[in-house]
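# What the coordinates show
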Amino acid sequence: MRAMTLGIYIQVPFCQTRCTYCNFHTGVVSRDRHLPYAEAICREIEDYESLQDRVESAAPVLQMGHSAAPISLTVDTVYFGGGTPSLLDATLLGKILDTLGHNFSSESMEVTLEADPETITPEKARAWRDAGFNRISLGAQSFNDTELQAAGRMHRRSDIFSGNRILRDTGFRNIGLDLIAGLPYQTRETWEESVRHILQIRPEHLSIYMLEIDEGSRLGAESLAGGKRYSATEIPADDSIADFYDSACARLSAAGYEHYEISNWAVPGMRSRHNSKYWQRKPYLGFGAGAHSFDGEKRWSNVHDSARYASCIEHGTSPREQIETLTPAQALEEELFLGLRQLDGVDLERIEREYHVSLRDRIAPLAEQGFLQLNGARLRLAPNRLSISNDVFVELLG
Ligand code: SF4
């Protein structure tokens, strides 16, 4: 029997308000919906194997628990994301973790909870710790109150400092913070100030995302339509956003952070083990509305609507949709697209061997232009081209 580790993702698609830039499937719902939703997740976890059987005509690739399994799986990461999972009562979060514990074998787990700074109280932080969380990802986004207010965030700069302090006092030794480059009203000065505050707080982990302008968010749609609502006219220019990113790269590196993925930095030894599974195409199972899963060969996701999801679970029907077995060409594209997001790059020889392809002709012109670096078998994005990685991927993947 082969042994393999597995990540678990729990999706909580509820928020207090809707941020202007958000393009996720989340909603603002009454607290009455929290308990039935958490119970639905527990039931989906308990019914995992029978749901899997109904989706598959052949034997499932991943089998859990105590059944005779072709692969022995041990859960080593759990990630509660959203949405704002910290809105759920800690007893509900603990109930989901307990259900996981009863249905999966686990070992030295990294257990992460995404939290909004203003939702943190000493009582909650203690309850999270006691429930088994050992890593908190704080959605800071900015340390500038004008930017936070324009983006529709509920917290202010002082909440980030106090939330962080409460978590530290409670004993959390693995805290991640998120920032967004490109928020309306952001300037070089306010950006540098946000990075300065990050270095003051010194989280173990940091993610920096560049603002996405697309139809999926109110801000993106307004900007594309040339309108003024949501401060759309105050979004910094693309060149400025790229400069913000490059400047953060330099300052974080000088401060001892390892830049290990396009959008992610960590103090040595504190990379996100869960998110690394996505880039390394390791298996993970998602539970909850809209949660995605990957078993090494297939990808599938649950229905997005949380009420429909809960109804499926209640009636014993599968919430899964969009089940796709990847073709070798799709898998190869993922190896490159996801793998090259990591600054360590990919093992080109392994990829060429496994996929029976030669990629040298495609890589050579991009390496000559300085977009890619090939050292031995290791293929990487050039560190000074990370802010335009999407353009490089388009060229490489054609
Ligand atoms: S808190 Fe996160 S998920 Fe919720 S609306 Fe804001 S950006 Fe979207």
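Everything below is about the structure printed above this text.
Just so we're clear, the structure is a prediction, and the values are computed from it rather than from any experiment.

## So, the packing of aromatic side chains
A ring pair, where both rings are aromatic, is described by two values, the distance of the centres and the angle of the planes. The full count for this structure, using the stated rule, is 14 aromatic pairs. Judged by centre distance (5.0 Å) and plane angle (65 degrees), the rings of F14 and Y37 are edge-to-face. Linking F14 in the loop between β1 (2-12) and α1 (34-46) with Y37 in helix α1, this pair joins segments that are 23 residues apart in sequence. A residue is classified by how much of its surface remains accessible, and Y37, at 2% relative accessible area, is buried. Over the ring of F294 we find R299; its NZ or CZ atom is 3.9 Å from the centre of that ring.

## Observations concerning the environment of S142
Within the element layout of this structure, S142 appears in the loop between β4 (135-141) and α5 (145-150). Its relative accessible area of 1% is what places S142 among the buried residues. Spatially, the C-alpha atom of S142 lies 8.2 Å from that of D178, the residues being 36 residues apart in sequence. Once residues lying within four places of it in the same chain are set aside, the contact partners of S142 are E147, L148, H155, I160, L179, L183 and S194. At a separation of 2.9 Å, a polar atom in the side chain of S142 contacts the main-chain amide nitrogen of N144.

## Let's talk about unusual backbone geometry
Here the residue pair G82 and G83 is connected by a cis peptide bond, since its omega of 10 degrees sits within 30 degrees of zero. As for its placement among the helices and strands, G83 is situated in the loop between β2 (71-82) and α3 (90-103). Even without being glycine, R202 reaches a positive phi, approximately 50 degrees. Structurally, R202 is set in the loop between α7 (188-201) and β6 (205-210). Notably, Q322 is not glycine yet its phi reads approximately 50 degrees, a positive angle. Within the element layout of this structure, Q322 appears in strand β12 (residues 320-325).

## Describing the packing of helix α6 (residues 157-170) against α7
Orientation of α6 relative to α7, taken along the N-to-C sense of each, is 15 degrees, at an axis distance of 11 Å. Comparing the axis directions of α6 and α7 gives the class roughly parallel. Two packed elements cross with a definite hand, and for α6 against α7 that hand is right-handed. Residue-level contacts link R157, I160, F161 and N164 of α6 to E193, H197, Q200 and I201 of α7. A per-class count over the contact of α6 with α7 returns three nonpolar, three polar and two charged.

## A few points about the nonpolar core
One finds I8, I10, W128, L177 and F287 to be the most contacted residues of the largest nonpolar core, which totals 84 residues. For F287, the contacting residues outside a window of four places in its chain are I8, Y9, I10, Q11, I41, E44, I45, Y48, L100, F104 and N302. Residues C19, Y21, A151 and L183 belong to the second largest nonpolar core, which totals ten residues.

## A word on the site of the ligand
Residues in close proximity to the ligand include C15, T17, R18, C19, Y21, C22, F24, T26, G83, T84, D116 and R153, which together make up its full environment. Residue composition of the shell around the ligand, grouped by class: five nonpolar, four polar and three charged.

## Section: the side chain of H197
Relative to the helices and strands, H197 resides in helix α7. According to the relative accessible area criterion, H197 is buried, its value standing at 6%. Once residues within four sequence positions are removed from consideration, H197 is found in contact with F143, R157 and F161.

## With respect to the packing of α7 against helix α9 (residues 238-254)
The interhelical angle for the contact between α7 and α9, taken along N-to-C directions, is 30 degrees, at an axis separation of 11 Å. The angle between α7 and α9 falls in the class roughly parallel. Classified by chirality, the crossing of α9 by α7 is right-handed. Between α7 and α9, the contacting residues are R188, W191, E192, V195, R196, I198 and L199 on the first element and D243, F244, Y245, S247, A248, R251 and L252 on the second. For the contact of α7 with α9, the per-class residue count stands at eight nonpolar, one polar and five charged.

Rules behind the numbers
Residues numbered from 1 in each chain as written. Predicted model: local features only at pLDDT ≥ 70, side-chain atom pairs only at ≥ 80, totals over all residues. Heavy atoms only, no water. Phe/Tyr/Trp six-rings, centres within 6.5 Å; stacked < 30°, edge-to-face > 60°. Helix = DSSP H or I, 4+ residues; strand = E, 2+ residues; numbered from the N terminus. Buried < 20%, exposed > 50% of the residue type's maximum accessible area, 1.4 Å probe, protein only. Lys NZ or Arg CZ within 6 Å of the ring centre and 35° of its normal. Contact = heavy atoms within 4.5 Å. Polar contact = N/O pair within 3.5 Å; in protein donor to acceptor, adjacent residues only side chain to side chain. Axes fitted to C-alpha atoms, helices over the stretch in contact; angles between N-to-C directions. Parallel < 35°, antiparallel > 145°, perpendicular 65-115°, else oblique. Left-handed = near helix turned anticlockwise from the far one by under 90°. Nonpolar A, V, L, I, M, F, W, Y, C, P; charged D, E, K, R; others polar. Core = buried A, V, L, I, M, F, W, Y, C linked by side-chain atoms within 4.5 Å. Near = heavy atom within 4 Å.

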